[in-house]
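Inside the fold
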Amino acid sequence: MEKKLPVAVIVLTKDEQIHIERCISNAMCVSNEVYVVDSESTDNTRSIAEGMGAKAVVHPWPGNQSEQFNWALDNLPLKSEWVLRLDADEYLTDELIEELYEKVPQLPADVSGIILPLRRIFLGRQIKRGTGRIELLRLFRRGKGRSETRLMDEHIQLSEGITVKMTGEFADDNLNNLSWWTQKHVGYAIREAVDLLDMEYDLTGAARGDESRHISEQAQAKRMKKHKYARLPLFWRSTAYFLYRYILRGGFLEGKEGFLWHFLQGWWYRTLVDAKVLELKRKSGGDRKKIIEILNNEYGIRL
């Protein structure tokens, strides 16, 4: 595998020194063109990345992953035919790397995107049950894909072409402790709340468009489910979702790690999101303009 694939890897970072060496080492198994777009890290993220041969570029955080990734697409001197988006705490499995070397050079010109299945690892354990198989469009031909402009649940959109699926997985394996994890999700909660309120009050105008037309079938199906979820009663829905994952989908078979994953991510986080939704509705009186004003003044979220 001395000759690498024609793939440029883009990694968005902010204080990721715990993950960046693993991520870049893994990315370089398939690419000679690895970029780290760093949001002004205060740790050694950039120096580690550059020491490993990656190109580190500093760009201030614009407020969401979508804008940062699209900035990278527009401003990095990308040369490769394909672009791979990886988070710093993610890596390609050996099976996926082998499959990419075998299949990518043979893909016909009408294939613009490659969908990769996700392997979820939490507290060192692979979580196989509860949420079903997750597949994400992460690899696409340069110039044929961009990220949706969303606060949460953003996906890669293709401007043209078809997609194919790999069977090998990429892994999401965060090495930070639970205190970091819960604090991170406190930050996610307000953005998730905005996403749900957007479906009810059309805060951004996305509800009038058809932005999901060029995302993957699974992403479209997930969004349809999210619209249904948004219409369910507050707090009841988070509890029902946890029970569905943990009992009906077999999450209870995943041991202590599985319980914590489904409880924290499936119930605690979703309940926190509902608490934010309730808070915003009460403060605004359900007025769309007031919700937007509160988000801007109190959370720095500009819609």
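Located above this text is the structure these notes cover.
Residues numbered from 1 in each chain as written. Predicted model: local features only at pLDDT ≥ 70, side-chain atom pairs only at ≥ 80, totals over all residues. Heavy atoms only, no water.

1. Some remarks on helix H1 (residues 20-27)
Our working definition: With a 1.4 Å probe rolled over the protein chains alone, any residue whose accessible area is under 20% of its type maximum counts as buried; one over 50% counts as exposed, and the rest are partly exposed. The helix count covers DSSP runs of H or I at least four residues long, the strand count covers runs of E at least two residues long, and both are numbered beginning at the N terminus. Of all possible arcs, the one meant is that of the directions from the helix axis to the C-beta atoms. Should any heavy atoms of two residues lie within 4.5 Å, those residues are considered in contact.
Of all the residues in H1, the buried ones are Ile 20, Cys 23, Ile 24, Asn 26 and Ala 27. Each buried residue of H1 sits inside an arc of 160 degrees when the element is viewed along its axis, so together they form one side. For H1, the secondary structure elements touched by its buried residues are strand S1 (7-13), strand S2 (33-38), helix H2 (45-51), strand S4 (82-87), strand S5 (90-92) and helix H4 (94-103).

2. Some words on the packing of aromatic side chains
The test is simple: Centre distance within 6.5 Å is the pairing criterion for rings of Phe, Tyr and Trp, where only the six-membered ring of Trp is used; planes under 30 degrees apart are then read as stacked, over 60 as edge-to-face, and the remainder as tilted.
Taken as a whole and assessed by the stated rule, the structure comprises 12 aromatic pairs. Residues Phe 122 and Trp 261 carry aromatic rings whose centres are separated by 5.3 Å and whose planes lie at 55 degrees to one another, so their mutual orientation is tilted. Of the two residues, Phe 122 sits in strand S6 (residues 111-122) while Trp 261 sits in helix H8 (residues 255-284), which places them 139 residues apart along the sequence. The pair formed by Phe 122 and Trp 261 is uniform in burial state, with each residue classed as buried.

3. Focus on the pairing of S4
Put simply, the test is: Only strands that DSSP links by at least two bridges are regarded as paired with each other.
Of all six residues in S4, six are buried; the element is thus mostly enclosed. Burial of the side chains of S4 extends over both faces: Trp 82, Leu 84 and Leu 86 are buried on one face and Val 83, Arg 85 and Asp 87 on the other. Pairing between S1 and S4: six bridges, direction parallel. Bridging across to S4, Leu 12 finds its partner in Asp 87. Sheet analysis places S4 next to strand S8 (residues 135-141), joined by three bridges and oriented antiparallel.

4. Quick look at the pairing of strand S12 (residues 170-173)
Neither face of S12 is open: one carries Phe 170 and Asp 172, the other Ala 171 and Asp 173, and all of them are buried. Note that S6 and S12 share four bridges and pair parallel. What sits directly across from Ile 121, in S12, is Asp 173.

5. A look at helix H6 (residues 217-230)
Here is the rule: The span expected for a helix works out to 1.5 Å for each residue beyond the first.
With 14 residues, H6 ought to run about 20 Å at 1.5 Å a step, and its terminal C-alpha atoms sit 20 Å apart, in line with that. Every buried residue belonging to H6 is among Ala 219, Arg 223, Lys 226, Tyr 229 and Ala 230, and all of these are buried. Taken down its axis, H6 places every buried residue within 110 degrees of arc, on the same side. Turned more than 90 degrees away from the buried face of H6, the exposed residues are Glu 217, Met 224, Lys 225 and Lys 228. On its buried side, H6 packs onto helix H5 (178-201), helix H7 (236-248) and H8.

6. Structural notes on the packing of H5 against H6
Quick reminder of the rule: For helices, the fitted line uses only the C-alpha atoms of the stretch in contact; every axis is such a line through C-alpha atoms, and the angle between N-to-C directions lies from 0 to 180 degrees. For this classification, under 35 degrees means roughly parallel, over 145 means roughly antiparallel, 65 to 115 means roughly perpendicular, and everything else is oblique. Amino acids outside the nonpolar list (Ala, Val, Leu, Ile, Met, Phe, Trp, Tyr, Cys, Pro) and the charged list (Asp, Glu, Lys, Arg) are all regarded as polar, and Gly is one of them.
Remark: H5 packs on H6, axes separated minimally by 9 Å, with the N-to-C direction vectors making an angle of 80 degrees. On the basis of the axis angle, H5 is roughly perpendicular to H6. Touching Glu 192, Asp 195, Leu 196 and Met 199 of H5 are Lys 226, His 227, Tyr 229 and Ala 230, all from H6. Grouping the amino acids of the contact of H5 with H6 by side-chain chemistry returns four nonpolar, one polar and three charged.

7. As for a nonpolar patch on the surface
Counted only if it meets this: Residues enter patches when their relative accessible area tops 30% and they take part in no salt bridge; the joining distance is 9 Å for like charges and 5 Å for the nonpolar side chains Val, Leu, Ile, Met, Phe, Trp and Tyr. Note that accessible areas follow from Shrake-Rupley with a 1.4 Å probe, and for residues the cover is restricted to the protein chains shown. Salt-bridge detection follows one rule: a side-chain nitrogen of Lys or Arg within 4 Å of a carboxyl oxygen of Asp or Glu.
Side chains of Leu 243, Tyr 244, Ile 247, Leu 248, Phe 252 and Leu 253 sit close together on the surface and give an oily, nonpolar patch of about 600 Å² of accessible area. Given a relative accessible area of 43%, Phe 252 falls into the partly exposed group.

8. Some remarks on the packing of H5 against H8
Which entries qualify depends on this criterion: Each crossing gets its handedness from the near helix: less than a right angle anticlockwise from the far helix is left-handed, clockwise is right-handed.
For the pair H5 and H8, interaxial distance at closest approach is 8 Å and the crossing angle is 50 degrees. Compared by their axis directions, H5 and H8 come out oblique. Like other packed secondary-structure pairs, H5 and H8 cross with a definite hand, here right-handed. Residue composition of the contact of H5 with H8, grouped by class: 18 nonpolar, three polar and five charged.

9. Remarks on the pattern of salt bridges
Note that side chains of opposite charge can pair when their charged atoms are close. Counted by the stated rule, this structure contains 24 salt bridges. Close ionic contact of Asp 274 with Arg 237 constitutes a salt bridge, the shortest N to O distance being 2.8 Å. Within this pair, whereas Asp 274 is found in helix H8, its partner Arg 237 is found in helix H7, the two being separated by 37 residues in sequence. The pair formed by Asp 274 and Arg 237 is uniform in burial state, with each residue classed as buried. Where salt bridges share partners, they join Arg 125, Arg 129, Glu 254 and Glu 257 into one cluster.

10. What about the environment of Gly 300?
Mapped onto the elements of the fold, Gly 300 is located in the segment after helix H9 (288-299). Classification of Gly 300 by relative accessible area gives partly exposed; the value is 43%.

11. Details of the environment of Leu 151
Among the structural elements, Leu 151 can be located in the loop between strand S9 (145-147) and strand S10 (156-158). Taking the C-alpha atoms as reference points, Leu 151 and Arg 191, separated by 40 residues in sequence, lie 5.8 Å from one another. With residues near it in sequence (within four places) discarded, Leu 151 still touches Asn 64, Arg 191, Val 194, Ile 301 and Leu 303.

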